[in-house]
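Read off the chains here:
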Amino acid sequence: MKDFYQALLARDYRFDGKFFVAVKTTGVYCRPICPARPKRENVVFFPDAASAEAAGYRPCLRCRPECAPLSPAWWGKRAVVQRALKLIANNELNHNNEEEFAQRLGMSARHLRRLFKEEIGRTPKQISDANRLNFARRLIVETPVPIMTVARSAGFASLRRFNDAFKKRFERAPSQLRRARSKIKPTEGIELKLSFRPPYDWQSLIRFYQSHPIPGVERVADNSFERVFRIEGTIGFLRVQPVAGQPQLKLSVVTEDPRLLFEVVNRIRRMFDLDSDPMLIANSFARVPLLAKLVDRFPGLRVPGGWDPFETAVCSILGQVVSAEQRASLVSELVRGYGEEIFHPVTGEKAYLFPGPTVLATSDLSKLRTSVARKEAVRDFSRRVLSGAVSLSEAQDPMMFRKALLETKGLGPWSAEYISLRSIGDTDAFPRTDLILKRVLALHPDLDLEVIKPWRSYAAVYFWKEFAQKLSKQERKKRYGSVVRADEVAGRDARI
């Protein structure tokens, strides 16, 4: 508790979302970065926002706890609770009743509620409702979206029900918060700020997306990431860029249906790994001297995710055993040959949507200049996704996901681990058959990665960052030396 209070006094952004501070005298709870400075005797600490609200505290209007990155403590201990919370974060419970939702996890709704009560102190429905109201408050405070549209975005069919639930949760009507934030400037599209815990290596992440493009769909320009998308039949455009001097990214979204914003925000948080905890990972890496040095050298590296797990997996299949340039060329051929041609929502120029599994499962892929085996791997993977043999939900057991991938034609251990790392956010995936990682393990035979579980995906990212160019140069030098020696031998043979 003493350390928590010191972090509160320091307003250390590294602790944002890892605990919350409730003030007895005001009845509100805050993030540790809140400008308020309550006395030690007046505060009590909670590991998550749900615990603070269960104790009767309401969220602070100043620091807005709903904007904090997710905390590992919030996920509970049981794997089934963790998977359920990931589904709830994706708004899945709002699309199903509790019984159907629990059946997806292989249990009854009653048993799932009991697990949630034991782990978190709240039911799945209460967590889902709180998430939707939190997001609604963000839209009211940060955007000019009409309140009726905000209510629909939060899953409320009636404005009266939304107002009642909002006032009960925040003790203020939505219109009062909107008046309190009347300085919102109308801009092109809707802008939201997404918080993360520093340090955050934005440049390494944006360089990765620049070197792994999806031409016609995604673009990296002017220190920002852009892409077109389609969700539930609605086409939109988004841009992500850093906020100078703040541990935040700015997300700009252009869409005709603001109800999609909830899913867009969740996808971007996963894609840019915004809920990662660098301190937790650094503490785990401290047990391995090599990784401890790399964390000091490259603070804030993140695991690069993908916007859509299917397109990320297909691009990974096309990237097997080829250079980055060849991968980009193959992805471009796939998108332009089989993707849907659209008009860009902002510029009006020609753009593309990535082809879905229905298209790729039945196409001969003749426009793709690659091997027959790789084409069949793309087709078979698409067919297995359509049949349900491969699930792309991040709420599944990663071991079962990798096993399902290995049963797909043309996918080996590297593909299974790499797709698991990027498509479903598996923090413990480690593609040890990767060329660079194999060389790292050969250089450091005493390297013990078991002690850093479940963060081996981050170890892979750090090894790629440190050794990719270094070991590639050594290999090219070795090959060049072999070629020179072969030429010398050939020359002597010719003279003889």
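Here, the structure is the one placed above.
Please read these numbers as outputs of a predicted model, since none were measured by experiment.

### As for the pattern of salt bridges
Then, in step 1: This structure, assessed with the given rule, holds 39 salt bridges.
Then, in step 2: In this structure, Arg31 engages Asp16 in a salt bridge whose closest nitrogen and oxygen atoms are separated by 2.5 Å. Separated by 15 residues along the polypeptide, Arg31 in the loop between strand S2 (28-30) and strand S3 (43-46) and Asp16 in the loop between helix H1 (2-10) and strand S1 (20-23) bring together distant segments of the chain. Asp16 shares its class with Arg31; the two are buried.
Then, in step 3: The salt bridge involving Asp257 is made with Arg259; its shortest N-O contact spans 3.0 Å.
Then, in step 4: Assessed through its relative accessible area of 47%, Arg259 is described here as partly exposed.
Then, in step 5: In this structure, a network of salt bridges that share partners links the residues Arg64, Glu66, Arg137, Arg138 and Glu142.

### Some thoughts on the nonpolar core
Then, in step 1: One finds Phe162, Leu238, Ile268, Phe272, Phe285 and Phe463 to be the most contacted residues of the largest nonpolar core, which totals 72 residues.
Then, in step 2: The leading source of residues in this core is helix H22 (residues 456-495), at eight residues.
Then, in step 3: Membership of the second largest hydrophobic core comes to 36 residues, among which are Val228, Phe310, Val335 and Leu353.

### Topic: the sheet that holds strand S9 (residues 248-255)
Then, in step 1: The sheet built from five strands is open, its strands ordered S5-S9-S8-S7-S6 with antiparallel pairing. If you trace the sheet from one side to the other, it starts and ends with strand S5 (190-195) and strand S6 (218-221), each paired once. Recorded for the sheet is a direction-independent mean angle of 25° between the axes of neighbouring strands.
Then, in step 2: By the bridge criterion, six bridges tie S5 to S9 in an arrangement that is antiparallel. Within the sheet, the bridge partner assigned to Ser195 lies in S9 and is Gln248.
Then, in step 3: Most of the contacts of helix H11 (residues 202-211) go to strand S7 (residues 224-231), to which it runs at about 55°, and overall it touches S6, S7, strand S8 (234-242) and S9.

### Thoughts on the side chain of Glu66
Then, in step 1: Tracing the backbone through its elements, the reader meets Glu66 in the loop between strand S4 (58-59) and helix H3 (79-89).
Then, in step 2: A polar atom in the side chain of Glu66 sits 2.6 Å from the side chain of Arg137.
Then, in step 3: In this view, Glu66 contacts Asn134, Arg137 and Arg138; residues no more than four positions away in its chain are not counted.

Calculation rules
- Residues numbered from 1 in each chain as written.
- Predicted model: local features only at pLDDT ≥ 70, side-chain atom pairs only at ≥ 80, totals over all residues.
- Heavy atoms only, no water.
- Salt bridge = Lys/Arg side-chain N within 4 Å of Asp/Glu carboxyl O.
- Helix = DSSP H or I, 4+ residues; strand = E, 2+ residues; numbered from the N terminus.
- Buried < 20%, exposed > 50% of the residue type's maximum accessible area, 1.4 Å probe, protein only.
- Core = buried A, V, L, I, M, F, W, Y, C linked by side-chain atoms within 4.5 Å.
- Pairing = 2+ DSSP bridges.
- Axes fitted to C-alpha atoms, helices over the stretch in contact; angles between N-to-C directions.
- Contact = heavy atoms within 4.5 Å.
- Polar contact = N/O pair within 3.5 Å; in protein donor to acceptor, adjacent residues only side chain to side chain.

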